[in-house]
Amino acid sequence: MDYLRTLGSAAVSTLVQKSGLNLPFSLGPKVASFENRTIWSLYDATKRDDSSPVSVFEFDANTPAKKNLFPLAKNALRKLRTIRHPDVLKFMEVSETDTTIHIMTERVRPLGPAITEWQSKSVQEREAWLVWGLHRISVALTFLNESAASTHGSVRVDSVFISASGEWKLGGFDVLSNPKEDAAVLYTLGGMVPDASTYSSPEVRKGGYSALKELPTWAADAYGLGLLTHFAFNPNQTLPATAQPPHPPPTAASRGAIPTFMFAAYKKLLNPNPKARLSPAHFLELGMSQTAGDGSGFFASNRLVKVCAGLDNFNLASEAEKSSLLKTLKESATSFPSEFASYKVLPALISALEFGGASAAAIVPLVLQFGKGVPPEDYSTVILTHLVKLYASPDRGTRMALLDLLPEYADKLDKKTVCDKIWPNLQSGFSDTVAVIREATVKSIILISDKFNERIMNNDLLRHLARMQADQEASIRTNTCILIGRLGPSLGYNTKRKVLVPAFARALKDPFEHARVAGLMALMATMECYDIEEIATKVIPSMSFTLIDKEKLVRDQAFKAMELFVKKLEEHAATMPETATVEDEMPQVQINGSSPNALVNSAAGAAGALAGWAITSLGKKLATGDLQTSMTSAIGAAIDRPTSAPAANAGLNGNTLTISTASVPLTPTSSSNAGPTRSLTSPSKGKGMQLGATKLPSIASSIPDWAEEAAAELETSQSTNPWGSDDLMDVNADDDDWSAFESAPAPAPSTEPTYFGFGNVHSQSISPDPWAAPAVAPKAPIAPQPKRPIATHRPSIPSPLASPRPLSSTPSESGKAEPVPTHSTTGMSKEEKAAEMARRKEERRQRIAALKEQKKHATS
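The structure presented is a predicted model; accordingly, all values stated were derived computationally and were not measured.

1. Structural notes on the nonpolar core
Soluble globular proteins tend to bury their nonpolar side chains together.
And then number 1: Of all hydrophobic cores here, the largest spans 168 residues; its most connected members are Trp40, Trp129, Trp168, Leu329, Leu349, Phe370 and Tyr409.
And then number 2: Ignoring sequence-local partners within four residues, the contact set of Phe370 consists of Leu329, Ala333, Phe336, Ala341, Ser342, Val345, Leu346 and Leu349.

The following block contains the structure:
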């Protein structure tokens, strides 16, 4: 049947289009329950402009049965065009020819089937809905009878329709007439309406429709309203006995389901005497009055009537009246008809929201509560469209309500709506001056983050969160850290590496302990976002200091986090090879006679193992015969060195660092001119370090291998200085000129990648860190200490761990070491200082070259 009905609708549309009409709608299925009940056929249709649902009333004069009813259809069209009222069927457009009329109205359905559907509801719900509907029809008839001075003439169930919002709408204007009009059809063609005799009033039955000209305009309509009331409450019963001659008054037995509080007024509507009959206007007044005694106030006490009246006047009501209405809506929300809640209450509430005010926070929850009954396919149009517009409202109460209730509608938002309409307004909450708004904005992000595009997720949002981590409110900083932790897995690969560790490292320095705990937990939650190298070089170092945090809560969480990351490193280390070095390239080393893979379990054991390892490994490099002789040294071409470096002939022998000469054994002596100096000497089997002479030997018979290696090592170290400076000064040389160092130009700023404001915790440069904790207050100044007199020559104490450097002297022909003249840079300009430094460097290079050349001649 549905297929045939659709096929018939398509055929009608085709015929109309062939006639030359350009219909503003597309006909859908015909409403079968309305067929042959009036002169019209009803279709569900779709408006071409916006695809909105509409209804189309069709009249086809080509049908033999309707050929003579064309004047009634013309009258209905004319009256529907000119009469506009909220309770009257809403006219939209019309398409007409010489024989057909198509009237497009709002989407409606006949009242008869709707009343049948309501029979399954509870008595209270059905009764409330019916009384509310009769109230709307009474209002419409009052308007027609008094304001329009007209008589409807066909008030019955087939003239009433149900709109999308569940409201009753009055239609059926086929014989609507004003008695003063010359073309009034009611008094001449009223009997041509289908089933007109069944619903006609006693005076019409007696004197015909022409008798209505002498009666008030409301006489026939009041009687029809009474019959409509009977049918509404008793749809399965026949018309009451009063509808047939001799029209006896209704009895209590014939009341049926009509409420007792309404029965008295109902009987007055059906009074056979038109002059004693209760008019629709008086019926409405009696229903709205609460002081007229028994049988009154049945409209005023109806909750649907009260809600509609409150919604219509909401913007003009006082705050107390608004609060009372909103309370009623909240308490009765579940008992409202679904159409009424979705298409009547919701639009009115959303319209009220546009004005903002203190009631906005109470309206938004009601909007979402009533929206639960909206079909999924209509939810976006009915609910989301209006809620999204509210994000542009500057009212903080509205924004707060939208954010608090976001979990109820976030899953129904699409990506385009979030990116184009919600995010541009939502991000203003990050910089709001009210902390509650900022915090609610941070909390809401996770609900819609899956609908952000790449730019918002990896750029715009992170910049806002970087500022939020510096917020003055501790709870906002904590929630921001939690949010970043939850967003971590969805960030881009490069963004993860730039943002996560700096952001969480900043949280670990937060003065609020729960923010530090959140930072640790965020690191644990995003563990899969880091590769092994990052865990070892960035994550663990950045969180290690929390192991000794002042708060036990932080310490406990830090140990758990450390255990988790270390375990992952151990698992990875178990899969790595034992060494990456080829065996032939690295000598075998034993630590105190043990295997190089042996582990120690104590600090003392580790210290001993390290000492034994170093001595053993160096001893392995010497030949067996060399180990039995004393280490001697002859100083050839001396090399300039700082006073803090060890002497040029310092070496290692067994377990002792020694200095020896070929001619004179070094014994402890002192000199008043040069001041005390230290030299180290030992026989081949010496047991410790000993003080030596204050003067260094001047003649060397040969240059030991370690000195040559030291010279080569010095040259290498000078060419590849890890400190990035070609000329380092001796920090113990107080007489040296430091002005060149102090006036050196500042290093050029390096170009670093963007970190979205999170900083780089592993950067070598020192710059103000926006993620750092507040700086510690400086300590009180210490009392000035007396200055120590500076000696003309400060002896240096060579360290056994420092690389040996040749002495800064050159051999003369007489065999005595002549000091290399040095020039102080005090008072020099920058160019002169640079030239002096270059000259010194060139001298050192020449001395090293001479040392190498001397080695070649010695070996030959």
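Moving on, there is more to tell.
2. So, helix α21 (residues 493-508)
And then number 1: Here α21 spans 23 Å end to end across 16 residues, near enough to the 22 Å set by a 1.5 Å rise per residue.
And then number 2: Taking the largest bend as the criterion, α21 deviates by roughly 30°, centred on Val499, and proline Pro502 comes between one and four positions later.
And then number 3: In terms of residue burial, α21 counts as a mostly covered element, since twelve of its 16 residues are buried.
And then number 4: Where the residues of α21 are buried, they touch α19 (454-468), α20 (474-487), α22 (513-525) and α23 (532-543).

3. Focus on unusual backbone geometry
Working note: non-glycine residues mostly have negative phi, and peptide bonds are mostly trans.
And then number 1: Cis rather than trans, the peptide bond between Pro245 and Pro246 has omega equal to 5°.
And then number 2: Looking at the element boundaries, Pro246 is found in the loop between α8 (219-233) and α9 (260-269).
And then number 3: For Asn36, which is not glycine, the phi dihedral falls at a positive 65°.
And then number 4: Mapped onto the elements of the fold, Asn36 is located in the loop between β1 (25-30) and β2 (41-47).
And then number 5: Under the relative-accessibility criterion, Asn36 is labelled exposed at 66%.
And then number 6: For Ser51, which is not a glycine, the phi torsion comes out positive at approximately 60°.
And then number 7: You can see Ser51 is positioned in the loop between β2 and β3 (53-60).

4. What about the pairing of strand β5 (residues 100-106)?
And then number 1: Counting buried residues along β5, seven of its seven residues qualify, which places the element largely inside the surrounding structure.
And then number 2: Pairing geometry for β3 and β5, over seven bridges, is antiparallel. Each residue of the ladder has a partner; that of Glu58, found in β5, is His102.

5. Side note on the packing of α19 against α20
And then number 1: Two elements in contact, α19 and α20, have axes separated by 9 Å at closest approach and are oriented at 155°. Taken as axis vectors, α19 and α20 run roughly antiparallel relative to one another. The crossing of α19 and α20 is left-handed. For the pair formed by α19 and α20, the contact residues are Met457, Leu461, Leu465 and Met468 on the first element and Ile476, Arg477, Thr480, Leu483, Ile484 and Leu487 on the second.

6. Notes on the sheet that holds strand β7 (residues 160-163)
And then number 1: Across the sheet, three strands lie side by side as β6-β7-β8; this open sheet has antiparallel pairing. Two strands bound the open sheet, and with one partner strand each, they are β6 (108-110) and β8 (168-170). Averaged over all pairs of adjacent strands, the angle between strand axes in this sheet comes to 45°, irrespective of strand direction.
And then number 2: Bridging between β6 and β7 involves three bridges; their strand directions are antiparallel. The partner of Arg109 across the bridge, within β7, is Ile162.

7. Examining the pairing of β3
And then number 1: Among the eight residues that make up β3, six are buried, leaving the element largely enclosed by the rest of the structure.
And then number 2: When β2 meets β3, the two strands line up antiparallel, connected through six bridges. Paired with Tyr43 across the two strands is Val56, which belongs to β3.
And then number 3: Here β2 folds back onto β3 in antiparallel fashion, the turn holding five residues, of which Ser51 has a positive phi close to 60°.

8. Examining the pattern of salt bridges
And then number 1: All told, the structure shown has 30 salt bridges when counted by the stated rule.
And then number 2: Its salt-bridge partner being Lys74, residue Glu96 comes within 3.3 Å of it at the nearest N-O pair. Pair noted here: Glu96 is in strand β4 (residues 91-96) and Lys74 is in helix α2 (residues 70-82), with a separation of 22 residues, a long-range link.
And then number 3: Judged by its relative accessible area of 31%, Glu96 falls in the partly exposed class.
And then number 4: Glu842 is the salt-bridge partner of Arg845, the closest N and O atoms lying 2.3 Å from each other.

9. Concerning the environment of Leu270
And then number 1: With respect to the helices, strands and loops of the structure, Leu270 is situated in the loop between α9 and α10 (280-288).
And then number 2: Expressed as a C-alpha distance, the spacing of Leu270 and Tyr223, which sit 47 residues apart in the sequence, is 5.3 Å.
And then number 3: Not counting residues within four places of it along the chain, the set of residues in contact with Leu270 comprises Tyr223, Gly226, Leu227, Pro240, Thr242 and Pro250.

10. Concerning the packing of aromatic side chains
Centre distance and the angle of the planes are the two values used to describe a pair of aromatic rings.
And then number 1: For the coordinates displayed, the defined rule picks out 16 aromatic pairs.
And then number 2: Measuring from centroid to centroid gives 5.3 Å for Phe57 and Phe161, while their planes differ by 80°, and the two rings are edge-to-face. Of this pair, Phe57 sits in strand β3 while Phe161 sits in strand β7, placing them 104 residues apart in sequence. Like Phe161, Phe57 is buried.
And then number 3: Between Trp129 and Trp168, the ring centres sit 5.4 Å apart and the planes meet at 75°, which makes this aromatic pair edge-to-face. Taken together, the positions of Trp129 in helix α4 (residues 123-147) and Trp168 in strand β8 put the pair 39 residues apart, joining distant regions of the chain.
And then number 4: Classification of Trp168 as buried rests on a relative accessible area of 0%.
And then number 5: An aromatic cluster is present here, built from Trp132, Phe336, Phe340 and Phe370 joined pairwise through their rings.
And then number 6: In this arrangement the basic side chain of Lys121 is found over the ring face of Trp118, its NZ or CZ atom lying 3.9 Å from the centre.

11. Some remarks on the environment of Ser41
And then number 1: Tracing the chain through its elements places Ser41 in strand β2.
And then number 2: Between the alpha carbons of Ser41 and Asp60 there is a distance of 8.8 Å; along the sequence they are 19 residues apart.
And then number 3: Ignoring sequence-local partners within four residues, the contact set of Ser41 consists of Lys30, Glu35, Val56, Phe57, Glu58 and Lys66.
And then number 4: Among the polar contacts made by the side chain of Ser41, one reaches the side chain of Glu35 at a distance of 3.3 Å.

Conventions and cut-offs
- Residues numbered from 1 in each chain as written.
- Predicted model: local features only at pLDDT ≥ 70, side-chain atom pairs only at ≥ 80, totals over all residues.
- Heavy atoms only, no water.
- Core = buried A, V, L, I, M, F, W, Y, C linked by side-chain atoms within 4.5 Å.
- Buried < 20%, exposed > 50% of the residue type's maximum accessible area, 1.4 Å probe, protein only.
- Contact = heavy atoms within 4.5 Å.
- Helix = DSSP H or I, 4+ residues; strand = E, 2+ residues; numbered from the N terminus.
- Expected span 1.5 Å × (residues − 1).
- Bend = angle between axes of the 7 residues up to and from the residue.
- Pairing = 2+ DSSP bridges.
- Axes fitted to C-alpha atoms, helices over the stretch in contact; angles between N-to-C directions.
- Parallel < 35°, antiparallel > 145°, perpendicular 65-115°, else oblique.
- Left-handed = near helix turned anticlockwise from the far one by under 90°.
- Salt bridge = Lys/Arg side-chain N within 4 Å of Asp/Glu carboxyl O.
- Phe/Tyr/Trp six-rings, centres within 6.5 Å; stacked < 30°, edge-to-face > 60°.
- Lys NZ or Arg CZ within 6 Å of the ring centre and 35° of its normal.
- Polar contact = N/O pair within 3.5 Å; in protein donor to acceptor, adjacent residues only side chain to side chain.

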